[in-house]
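As a plain string of letters, each chain reads:
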Amino acid sequence: MILYTMMPQDLVFPPEEERQQSTGQMMMNYKGVPVLAEQVDAMNYQIIRVMSTDPSHYLNTDCAPGTKISFS
Amino acid sequence: MLRQISHIYPESRIKKSVLTILMGIMSVGGKKRMMEMNENTPEKPEGQKEEKSSLMEKIQQLGQTNVPQLSQDSKIHCLTIVGQIEGHVQLPPHNKTTKYEHLIPQLVAIEQNPKIEGLMVILNTVGGDVEAGLAISEMISSLSKPTVSIVLGGGHSIGVPIAVSCDYSFIAESATMTIHPIRLTGLVIGVPQTFEYLDKMQERVINFVTTHSNIKEDVFKELMFAKGNLTRDIGTNVVGVDAVESGLINEVGGLGVAMKKLNELIDLKKEQNEGIIQ
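Reference entry: report on the structure contained in this document. (Residues numbered from 1 in each chain as written. Chains lettered and ligands numbered in written order. Predicted model: local features only at pLDDT ≥ 70, side-chain atom pairs only at ≥ 80, totals over all residues.)

1. A look at the overall build of chain A
Okay, so step 1: Along the backbone of chain A there are two helices and five strands.
Okay, so step 2: Reading the secondary structure of chain A in the N-to-C direction produces β-α-β-β-β-α-β.
Okay, so step 3: Taking all 72 residues of chain A together, the buried fraction comes to 25%.
Okay, so step 4: At a minimum sequence separation of 6, the contacts of chain A that also span at least 24 residues come to 27%. (Helix = DSSP H or I, 4+ residues; strand = E, 2+ residues; numbered from the N terminus. Buried ≥ 20, exposed ≤ 12 C-beta atoms within 10 Å, placed from the backbone. Contact = placed C-beta atoms within 7 Å.)

Here it is in structure tokens:
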């Protein structure tokens, strides 16, 4: 892999001890909108980012970033 | 009430049957009244409170709030390319990334959906994987629909080919694009082949940029290998107007002019298509 980026190598890949655990983020389709969600606990997810290209999806309050999704 | 009734009708048999009927009626009536009460109770303040608290929660959690609803589907789709462009290797989670495997299916969907007439690409990227960046650039440049890009903030390194891959490109006046040579990150094997490999990779970027923009190859190379512009590196940081003057980007402008241009291109394409049909 060749990175062609402005960011210094040590910012992109921090030293081993600083590295965090995986954040439990995953892609899902919520109400027809592709979103990136993070697991909060066993049954709940929180939307981090809307991954759609349709601008109207970003105006949908049901899947705005920060919204909690629960599977219960 | 029931006691009164039992007083009036002392015979036990009649009393029992009447009572059961009466109780039935009463329970139905009771339920009905309860339902009516539910309908009548003003729920609005509660709902508003809930809305407010969820809004507060959103603001507190991510510093974001939502904007009013648009009803109809948009005929223009928007692709945002932010942070690092991620390729074959998943970057550590603290990096904000744009993933190649997310963008490519979206581009395919945009190409095949007849309702989508144009694509706006918004860039604020620091660069990233060469192969992924070039793949995205190729995909955008091969779209049959009109495309317009805007560089906001920064379109550095591999962001440059993506910015020029659109039919028309804009750069915000304060936005910058850093053009610098490709170098190897991580393990470097010090053999001449490594240099050749890098040189080939660089040639791919230069070829793409020069064929998709008005910049001349020697001008682009000059910018790429310029000394004294970047503190610890060779290369150039071109800001807004400079990018337009060198021919890399078509015009200085923001969202308004970019959207206007995209609509113009869409209309032009429609006219052309109508011409062909006739």
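What follows picks up the thread again.
2. With respect to the overall build of chain B
Okay, so step 1: Tallying secondary structure elements over chain B gives ten helices and eight strands in all.
Okay, so step 2: Classification of the 278 residues of chain B by burial places 30% in the buried group.
Okay, so step 3: Contacts spanning at least 24 positions in sequence make up 66% of the contacts within chain B whose residues lie at least 6 apart.

3. Re the packing of helix α7 (residues 192–212) of chain B against helix α8 (residues 217–224) of chain B
Residues and elements named next belong to chain B.
Okay, so step 1: At a minimum axis separation of 10 Å, α7 and α8 run at an interaxial angle of 130°. In terms of orientation, α7 and α8 fall into the oblique class. Between α7 and α8 lies a crossing whose hand is right-handed. Counted together, I206, V209 and T210 of α7 and E217, F220 and K221 of α8 form the full contact between these two elements.
Okay, so step 2: Classifying every residue of the contact of α7 with α8 gives three nonpolar, one polar and two charged. (Axes fitted to C-alpha atoms, helices over the stretch in contact; angles between N-to-C directions. Parallel < 35°, antiparallel > 145°, perpendicular 65-115°, else oblique. Left-handed = near helix turned anticlockwise from the far one by under 90°. Nonpolar A, V, L, I, M, F, W, Y, C, P; charged D, E, K, R; others polar.)

4. Quick word on the sheet that holds strand β3 (residues 33–39) of chain A
Residues and elements named next belong to chain A.
Okay, so step 1: Spatial ordering of the open sheet is given by β2-β3-β4-β5, a layout of four strands whose pairing is antiparallel. What marks the edges here is a single partner per strand, and that holds for β2 (25–30) and β5 (68–70). Averaged over all pairs of adjacent strands, the angle between their axes in this sheet comes to 45°, without regard to strand direction.
Okay, so step 2: Two elements, strand β4 (residues 44–50) and β5, share three bridges in a ladder whose sense is antiparallel. Each residue of the ladder has a partner; that of Y45, found in β5, is I69. (Pairing = 2+ DSSP bridges.)

5. Comments concerning the pairing of strand β3 (residues 118–129) of chain B
A regular strand places its side chains so that they alternate between the two faces of the sheet.
Okay, so step 1: The buried fraction of β3(B) is high, at twelve of twelve residues.
Okay, so step 2: Two elements, strand β1 (residues 3–5) of chain A and β3(B), share three bridges in a ladder whose sense is antiparallel. Along β3(B), the bridge assignment pairs A:T5 with B:G127.
Okay, so step 3: In the sheet, strand β1 (residues 76–86) of chain B pairs with β3(B) via ten bridges, with the strands oriented parallel. Note on β3(B): the bridge partner recorded for B:I85 is B:G128.
Okay, so step 4: With helix α5 (residues 130–141) of chain B bridging β3(B) and the parallel strand β4 (residues 147–155) of chain B, this β-α-β connection has right-handed handedness. (Right-handed = clockwise from strand over helix to strand, strands pointing away.)

6. Some words on α7(B)
Given 3.6 residues per turn, any residue in an α-helix points the same way as the ones three and four places further on.
Residue and element names in this part refer to chain B.
Okay, so step 1: Between its first and last C-alpha, α7 extends 30 Å over 21 residues, near the 30 Å set by a 1.5 Å rise per residue.
Okay, so step 2: Residues of α7 that are buried include every one of V205, F208, V209 and H212, and no others. Seen end-on, α7 carries its buried residues on one side only, within an arc spanning 100°. Residues of α7 that are exposed and angled more than 90 degrees away from the buried face: P192, Q193, F195, E196, D199, K200, E203 and T211.
Okay, so step 3: Against α5, α6 (159–164) and α8 lie the buried residues of α7. (Expected span 1.5 Å × (residues − 1). Arc of directions from axis to C-beta.)

7. Description of the pairing of β4(A)
Residue and element names in this part refer to chain A.
Okay, so step 1: By the bridge criterion, five bridges tie β3 to β4 in an arrangement that is antiparallel. The residue of β4 that forms the bridge with E38 is Q46.
Okay, so step 2: Hairpin geometry of β3 and β4 is characterised by an intervening segment of four residues between the two adjacent antiparallel strands.

8. So, the environment of B:L123
Residues and elements named next belong to chain B.
Okay, so step 1: When you line up the elements, L123 lands in strand β3.
Okay, so step 2: On the basis of neighbour counts, which here come to 26 C-beta atoms within 10 Å, the residue L123 falls in the buried class.
Okay, so step 3: The spatial distance from the C-alpha of L123 to the C-alpha of G159 is 7.4 Å, given a sequence separation of 36 residues.
Okay, so step 4: The residues contacting L123, other than those within four sequence positions of it, are I81, S149, I150, V151, L152, G155, G159, I162 and A163.

9. A short note on unusual backbone geometry
Okay, so step 1: Here A:K31, not a glycine, exhibits a phi torsion of approximately 50°, which is positive.
Okay, so step 2: In this fold, A:K31 is placed in the loop between β2 and β3.
Okay, so step 3: According to the C-beta neighbour criterion, A:K31 is exposed, with 10 such atoms within 10 Å.
Okay, so step 4: The phi torsion at B:S157 lies on the positive side, around 45°, for a residue other than glycine.
Okay, so step 5: Tracing the chain through its elements places B:S157 in the loop between β4 and α6.

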